[in-house]
Amino acid sequence: QYVIDTIRNQAHILLRAFDETDFKFTNKGSTLIMNLENSATLWKSSDKFNYEHDQNWMFGDRVVSIHKNKTSCTDLNDGKITWKKRTAPDACLPNANLIIAYGENRNIVEGYNGTDGKSLWSREISKKEGWYFCNLINDTSVLISAAGLHCINTKTGSGWDHSGKTTKQRISTLARSTMIT
């Protein structure tokens, strides 16, 4: 997998290890950042990336990595980790520079800045019935389906809640009853 950044003239590449005994690629690998002008490697991660469980999200000049249910943010320019969290996010929204995650209290959801990791807001949203989706619906609002529907301002955390049982079958009914089109 790779991402080409034409503004910085860099490539963000996920490399997979090769098992020569079985003659196949493994599920583990590492991250490489390369300068496309001179083909130089800017840095390579020492952490092993697991293709089955881990994820990377681009947030401008940072990459947010989810590894073993923990989150860290790495500066693409020098490979240094700029912040860490002990939880895995429930949603990463790079276009809004927002990460949404539940902490140890499964009823409090927190929104934090994707580039510096600082908390922007927190609010009570139960997760007892699961988390079905989180979609950015415009420049400043996100819609979350978890124990109802919740529309949240990405900067302040304010917004409306419509409590209800949310299963995959009930989401469209809830959306119609709250007049979301």
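Note that the structure is predicted; figures quoted are calculated from it, not measured.

**Here we look at the overall build of the protein**
Stage number 1. Within the protein, the secondary structure is distributed over one helix and 17 strands.
Stage number 2. With the principal axes as the frame, the protein shows a C-alpha extent of 55 × 40 × 30 Å.
Stage number 3. In the protein, buried positions account for 39% of the 181 residues.
Stage number 4. At a minimum sequence separation of 6, the contacts of the protein that also span at least 24 residues come to 30%.
Stage number 5. Of the roughly 10700 Å² that the protein leaves accessible, carbon and sulfur atoms contribute 48%.
Stage number 6. Positive and negative charge centroids in the protein, built from 23 and 19 side chains respectively, lie 6 Å apart.

**Describing the packing of aromatic side chains**
Stage number 1. Under the defined criterion, the tally for this structure stands at three aromatic pairs.
Stage number 2. Measuring from centroid to centroid gives 5.3 Å for Phe18 and Phe23, while their planes differ by 85°, and the two rings are edge-to-face.
Stage number 3. By relative accessible area, which is 68% here, Phe23 ends up exposed.
Stage number 4. Looking at Phe18, the relative accessible area reads 37%, which means it is partly exposed.
Stage number 5. Following the ring pairs from residue to residue traces out a cluster consisting of Phe18, Phe23 and Phe25.

**Observations regarding the side chain of Asn56**
Stage number 1. Along the chain, the position of Asn56 falls in strand 6 (residues 55–59).
Stage number 2. In this structure the side chain of Asn56 is engaged in a polar contact, spanning 2.8 Å, whose partner is the side chain of Ser65.
Stage number 3. Among all residues touching Asn56, those that are not within four sequence positions of it are His12, Leu14, Thr31, Phe49, Val63, Val64 and Ser65.

**Focus: empty space enclosed by the protein**
Stage number 1. In total, this model carries one cavity of 30 Å³ or more according to the counting rule given.
Stage number 2. Computed from the structure, the largest cavity encloses a volume of approximately 30 Å³.
Stage number 3. Val3, Asp5, Gln10, Ala11, His12, Ile33, Met58 and Leu76 together form the lining of the largest cavity.
Stage number 4. Ranked by residue count, the leading element in the lining of the largest cavity is strand 2 (residues 10–19), at three residues.
Stage number 5. For the lining of the largest cavity, the residue count by class is five nonpolar, two polar and one charged.

**Topic: the nonpolar core**
Stage number 1. By size, the foremost hydrophobic cluster in this structure holds 15 residues, and its most contacted members are Leu93, Ile100, Ile125, Trp131, Cys134 and Ile144.
Stage number 2. Elements that contribute at least two residues to this core include exactly strand 10 (91–93), strand 11 (98–102) and strand 15 (141–145).
Stage number 3. The residues touching Ile100, leaving out its near neighbours within four places in the chain, are Pro89, Asp90, Ala91, Leu93, Val109, Glu110, Trp121, Trp131, Cys134, Val142 and Ile144.
Stage number 4. Among the nonpolar cores identified, the runner-up in size contains nine residues, and Val64, Ile99, Ala101 and Tyr112 belong to it.

Rules and cut-offs
Residues numbered from 1 in each chain as written. Predicted model: local features only at pLDDT ≥ 70, side-chain atom pairs only at ≥ 80, totals over all residues. Heavy atoms only, no water. Helix = DSSP H or I, 4+ residues; strand = E, 2+ residues; numbered from the N terminus. Buried < 20%, exposed > 50% of the residue type's maximum accessible area, 1.4 Å probe, protein only. Contact = heavy atoms within 4.5 Å. Areas by Shrake-Rupley, 256 points an atom, 1.4 Å probe, with all protein chains shown as cover. Lys, Arg positive; Asp, Glu negative; His and termini not counted. Charge placed at Lys NZ, Arg CZ, Asp CG, Glu CD. Phe/Tyr/Trp six-rings, centres within 6.5 Å; stacked < 30°, edge-to-face > 60°. Polar contact = N/O pair within 3.5 Å; in protein donor to acceptor, adjacent residues only side chain to side chain. 1 Å grid on protein atoms, 1.4 Å probe; cavity = no way out; pocket = protein on both sides within 12 Å on 5 of 7 lines; lining within 4 Å. Points joined across faces, edges and corners; volume = space filled by probe spheres on them. Nonpolar A, V, L, I, M, F, W, Y, C, P; charged D, E, K, R; others polar. Core = buried A, V, L, I, M, F, W, Y, C linked by side-chain atoms within 4.5 Å.

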